[in-house]
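Chains, contacts and geometry: an overview
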Amino acid sequence: MQQWNLFLAFFRVGIFGYGGGPSSIPLVHKEVVEKYKWLSDDDFADILALGNSLPGPIATKMAGYIGYRVSGYTGMLNAILATILPTIAVLIILLSFLNNFRELDWVNGMTQAVVPVVGVMLAVLTFDFIKKSKDNLGIWITFLLGGISLILIEVIGVHPGIVILALLIFALVKPMRKNKDEKNYSSKESSL
């Protein structure tokens, strides 16, 4: 049953992840965090960050690792296969179809109509990550790191993998901020 659920989860990602990796990330999150609860939000964010710093398509990297984590090597192969099968089949069918009708307006409109939906899905996922980061790091550090990352990636042209690696090193060097409840508990213990 676990293998079947793994296949279905990543098959849905493969079918509905129109537009490549960025559009499939929210779908993977929906399946593995919200629906099947194989990962926590924090685990998903860590996998996404590491996956983005490695070469290759993000959807297959995430499928491989999550499949392995859920069900070993069989799960890894199952998830990767489920992710790429829809793409291969649809690519062959759609390219044959679109090649014959590429001059028609409705074909161009169909491919462009999906772009705003993908944008909204990415915005929702980004907002969730910012909220989580704000809770863990605080609002000022979250916006400072976000702003610096934006400048490095978009203005200066630094590769995102290098920025992610630098942020991971920063996270290792900087101690995590204690939760307010932990601080209160610690101060109560020390006063006793």
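Residues numbered from 1 in each chain as written. Predicted model: local features only at pLDDT ≥ 70, side-chain atom pairs only at ≥ 80, totals over all residues. Heavy atoms only, no water.

What follows concerns the side chain of Lys132. Relative to the helices and strands, Lys132 is located in helix H5 (residues 105-137). This buried residue, Lys132, is left without a salt bridge; Asp42 holds the nearest opposite charge, at 4.3 Å. Once you skip the residues sitting within four places of it in the chain, Lys132 turns out to touch Asp41, Asp42 and Ala45. (Helix = DSSP H or I, 4+ residues; strand = E, 2+ residues; numbered from the N terminus. Buried < 20%, exposed > 50% of the residue type's maximum accessible area, 1.4 Å probe, protein only. Lys, Arg positive; Asp, Glu negative; His and termini not counted. Salt bridge = Lys/Arg side-chain N within 4 Å of Asp/Glu carboxyl O. Contact = heavy atoms within 4.5 Å.)

Attention shifts here to the environment of Phe16. Looking at where Phe16 falls in the secondary structure, it is placed in helix H1 (residues 2-16). It is 9.1 Å that separates the C-alpha atoms of Phe16 and Pro86, two residues lying 70 residues apart in sequence.

Moving on to the nonpolar core. The biggest cluster of nonpolar side chains holds 22 residues, and the ones touching the most others in it are Phe10, Val28, Val32, Leu39, Phe44, Met62 and Ile66. Those elements giving two or more residues to this core turn out to be H1, helix H2 (21-35), helix H3 (41-53) and helix H4 (58-101). The element best represented in this core is H4, accounting for six residues. In this structure Phe44 touches Ile25, Val28, His29, Val32, Val33, Leu39, Met62 and Phe129, once residues within four positions along its chain are discounted. (Core = buried A, V, L, I, M, F, W, Y, C linked by side-chain atoms within 4.5 Å.)

A contiguous patch of negative charge, built from Asp41, Asp42, Asp46 and Asp128, is present on the exposed surface. The element that contributes the greatest number of residues to the negative patch is H3, accounting for three residues. By secondary structure assignment, the location of Asp46 is in helix H3. A residue is classified by how much of its surface remains accessible, and Asp46, at 48% relative accessible area, is partly exposed. (Patch = residues over 30% accessible without salt bridge, like charges linked within 9 Å, V, L, I, M, F, W, Y side chains within 5 Å. Areas by Shrake-Rupley, 256 points an atom, 1.4 Å probe, with all protein chains shown as cover. Charge placed at Lys NZ, Arg CZ, Asp CG, Glu CD.)

Time to look at the pattern of salt bridges. Enumeration according to the criterion identifies three salt bridges in this entry. Across the pair Arg12 and Glu31 runs a salt bridge whose closest N-O atoms are separated by 2.9 Å. Placement of Arg12 in helix H1 and of Glu31 in helix H2 is noted, with a sequence separation of 19 residues between them. Classification of Arg12 by relative accessible area gives partly exposed; the value is 22%. Residue Glu31 is classed as buried on the basis of its relative accessible area of 10%. Residue Arg69 is joined to Asp43 by a salt bridge in which the shortest nitrogen-to-oxygen separation is 3.0 Å. Of the two residues, Arg69 is situated in helix H4 and Asp43 in helix H3; the sequence distance between them amounts to 26 residues. A relative accessible area of 25% places Asp43 in the partly exposed class.

A cluster of nonpolar residues, Val90, Leu94, Phe97, Phe101, Leu104, Trp106 and Met110, forms a patch on the protein surface that exposes about 580 Å² of accessible area. When contributions to the nonpolar patch are tallied by element, the ones reaching two or more residues are H4 and H5. The element best represented in the nonpolar patch is H4, accounting for four residues. Summarising the element assignment, Met110 is placed in helix H5.

This part covers the packing of H5 against helix H6 (residues 139-156). Each pair of packed helices gets described by two things: the angle between the helix axes and the distance between those axes. Between H5 and H6, whose axes approach to 7 Å, the crossing angle comes to 125°. The angle between H5 and H6 falls in the class oblique. Here H5 and H6 pass one another in a crossing that is right-handed. Residues Ile130, Ser133, Lys134 and Leu137 of H5 form the contact with H6, whose participating residues are Ile139, Ile141, Thr142 and Leu145. Of the residues that constitute the contact of H5 with H6, the class distribution is five nonpolar, two polar and one charged. (Axes fitted to C-alpha atoms, helices over the stretch in contact; angles between N-to-C directions. Parallel < 35°, antiparallel > 145°, perpendicular 65-115°, else oblique. Left-handed = near helix turned anticlockwise from the far one by under 90°. Nonpolar A, V, L, I, M, F, W, Y, C, P; charged D, E, K, R; others polar.)

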